[in-house]
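# Coordinate analysis (summary)
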Amino acid sequence: MSAASSAPRLSFLQSCGRVFSIFFAFGRRSPRFKLYFVLSQMPVVIALFAQVNQVFQRQGMQSPMLFFSRGIMSFDLQFLVLLLVLFYGTSICLEEVEGRTLMYLTTRPVPKAAVILGKYAAYVLFLAVMINVGVILAFLVLNIRSLGTGAAYPVLFQFMGVLTLAILAYTAFFTLLGTLSKRALALGLMFSFGWEAVVQYFPGATQRFTIAHYLKSLLPSQTATGGLSFLTYRLEPTAPLLAVAVLLLLTVVFLAAACLVFTHKDFILSTD
Amino acid sequence: MSAVIETRKLSKWYGNVLGLSDVSLRVEPGITGLLGPNGAGKSTFLKLVTGQLKPSIGRVLIDGQAVRNNTALFGRVGFCPEYDAFYERVTGRQFLTAMLRLCGFDPAETTARAEAALDLVELRADQDRPVRSYSRGMRQRLKFAQAVAHDPDIIILDEPLNGLDPLGKRKVIRLIRDYRTEGRTIIVSSHVLPEIEALTKEIILIHQGKILATGDIHKVRDLIDTHPHIVSITCDRPRDLALRFLKEDDVLSVNFGAAPRTVVVETGNRDRFFGRLPGLLVELGISVEEITSPDDNLQAVFDYLVGK
């Protein structure tokens, strides 16, 4: 073996790339990936149920696109994505701490921030693939009779874009949570199904303190209209471009904070 | 010789718990044994040296550079952790390959180094088995392999012999000794004294977060001049020799050892005793088979220093 100095110094981006390739390779073989992939196909099962139900009722679905945009997208955005992203995002740091493999990464000549960003990129890719595959399949199942027309495809791409933005922003947030606390999973559950689920329905500016608000601002309006509509949920959408910018900004801020914490925090690994 | 690793007033607290207190020392090339009981602060010291922990007070320097978050230094350091922790589902070869890729090597160099490291620790035949199927000894050797595969000039080994059977221990001890001959700086921690003795005479004794003594085991022993020193002499006329020893001022006690024809002498002044011993033997015409110092080992020094 030649001297260690023969190893070229990696740039920051190269370091991120190395970490990404390692955890992409490790992650795609893991039982977790297989389990989550199966879970991520729940929208397909829902869509199949809906279609089978229509067959037994001997009538076509009134509006497959409405079912897709209201049913499938709500299920994905408010439950499935949050759940899968929570598990993956918090695990970026915590699985290394709890598995006590952290020292293998932090004693290598790669910046700690590259460890976070490389793993984040690998896990976001997994999530984006599994979630979007589920959405595409659900879409195809629901629109099986009108696939040739192509009129609904722009909506599908719009929804896939929103889901990808959701994955980026929520994963970044849960990555930060995982670096901050060993109880990140519990805190994340409270955030996902407490804060995000409730505050997004508050009227006025309060709903802007949720990530869900900006995601829903990119979807077709679901605000109720009618006599008593002032009593029901009213989305006060942010302009689409601004919503995208806020989501991307939040992603960058959460990731930067996660890198900062991970770089400077002492992680105490449990002993045997 | 200049110090490769230097700590200055290094202290570490975990909340209110003291992990390490006011440690200033210099580690030079060669093997240095870090010896202390469980919970003494050995792992804390090594994690500070490898930049995994941030000092509460003080500094850690490698070749004059601060260690924490200094990625340029990490390519020169190999660390074998105390924990038996791995990415369990990957194979030994995949694990080593991943660690080498993080060191910056290209795919061809990575493969060559991984294979060389697997050969070194005799895991080549098992390289494609998942790590979770490895025995304790194989896992320990794999940890050693990842610490040396990138050919670092500073190797930090935290309890590398822990949990190994005698044969496994002998293999790892041989590996570590081989690396000493290549001019590297190696720190090996252990709470088992014979393990350290088998590796080096250069020691750091640590207890309750404090350094009790550093240096050559014999020099450390010499420093303890108030501590009685035991000398065992096997000769042809042990009774005559014992009688003569009883007349010496510095001899505290004389006993006959378990072995036949052996006199065990306890002296309060080691240097004076050994200075006069040859003359006494000649004067009495006694033929000596063996002279040993049963307590001239780490156990005796350690027990004395920690007040046992």
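The model shown is predicted, which means the values in this text are computed figures rather than measured ones.

When its secondary structure is counted, chain B shows eleven helices and 14 strands. Looking at chain B residue by residue over its 308 residues, the buried ones come to 53%. The long-range share in chain B, meaning contacts at least 24 apart out of those at least 6 apart in sequence, stands at 67%. Approximately 13,100 Å² of chain B is accessible, and the part contributed by carbon and sulfur atoms is 50%. For chain B, the distance from the average position of its 41 positive side-chain charges to the average position of its 40 negative side-chain charges is 5 Å.

Glancing now at the layout of surface pockets. By volume, the largest pocket is sized at about 490 Å³. Residue lining of the largest pocket: 21 residues in total, with A:Ser30, A:Glu95, B:Tyr87, B:Glu88 and B:Arg89 positioned closest to the centre. Of all the secondary structure elements, the ones that give two or more residues to the lining of the largest pocket are α1 (12-28), α2 (31-40) and α4 (64-98) of chain A. Ranked by residues supplied to the lining of the largest pocket, first place goes to α1(A) with three residues. For the lining of the largest pocket, the per-class residue count stands at eight nonpolar, five polar and eight charged.

Every buried residue of helix α3 (residues 92-102) of chain B is listed here: B:Gly92, B:Phe95, B:Leu96, B:Ala98, B:Met99, B:Leu100 and B:Leu102. In the stretch just after α3(B), B:Gly104 is the one whose phi turns positive, near 105°.

With that out of the way, let us pick up the packing of α4(A) against helix α8 (residues 184-199) of chain A. Residue and element names in this part refer to chain A. In contact at an axis separation of 10 Å, α4 and α8 are set at 155° when each is read in the N-to-C sense. The angle between the axes of α4 and α8 places the two elements in the roughly antiparallel class. Once α4 is placed against α8, the crossing between them reads as right-handed. Contacts from Gln-78, Phe-79, Leu-82, Leu-83, Leu-86, Phe-87, Thr-90 and Leu-94 in α4 reach Ala-184, Leu-185, Gly-188, Leu-189, Ser-192 and Phe-193 in α8. Residues that form the contact of α4 with α8 fall into these classes: ten nonpolar, four polar and no charged.

What follows covers the side chain of A:Ser217. The topology assignment puts A:Ser217 in the loop between α9 (211-216) and α10 (240-264). Here A:Ser217 is in contact with A:Leu235, A:Pro237, A:Thr238 and A:Ala243, once residues within four sequence places are set aside.

A separate point is the pairing of strand β4 (residues 57-62) of chain B. Residue and element names in this part refer to chain B. By the bridge criterion, five bridges tie strand β1 (residues 5-14) to β4 in an arrangement that is antiparallel. Across the sheet, Ser-11 pairs through a bridge with Ile-57, a residue of β4. Where β4 folds back on strand β5 (residues 65-66), the antiparallel hairpin that results is connected by two residues, among which Asp-63 adopts a positive phi of roughly 50°.

Criteria and thresholds
Residues numbered from 1 in each chain as written. Chains lettered and ligands numbered in written order. Predicted model: local features only at pLDDT ≥ 70, side-chain atom pairs only at ≥ 80, totals over all residues. Heavy atoms only, no water. Helix = DSSP H or I, 4+ residues; strand = E, 2+ residues; numbered from the N terminus. Buried < 20%, exposed > 50% of the residue type's maximum accessible area, 1.4 Å probe, protein only. Contact = heavy atoms within 4.5 Å. Areas by Shrake-Rupley, 256 points an atom, 1.4 Å probe, with all protein chains shown as cover. Lys, Arg positive; Asp, Glu negative; His and termini not counted. Charge placed at Lys NZ, Arg CZ, Asp CG, Glu CD. 1 Å grid on protein atoms, 1.4 Å probe; cavity = no way out; pocket = protein on both sides within 12 Å on 5 of 7 lines; lining within 4 Å. Points joined across faces, edges and corners; volume = space filled by probe spheres on them. Nonpolar A, V, L, I, M, F, W, Y, C, P; charged D, E, K, R; others polar. Axes fitted to C-alpha atoms, helices over the stretch in contact; angles between N-to-C directions. Parallel < 35°, antiparallel > 145°, perpendicular 65-115°, else oblique. Left-handed = near helix turned anticlockwise from the far one by under 90°. Pairing = 2+ DSSP bridges.

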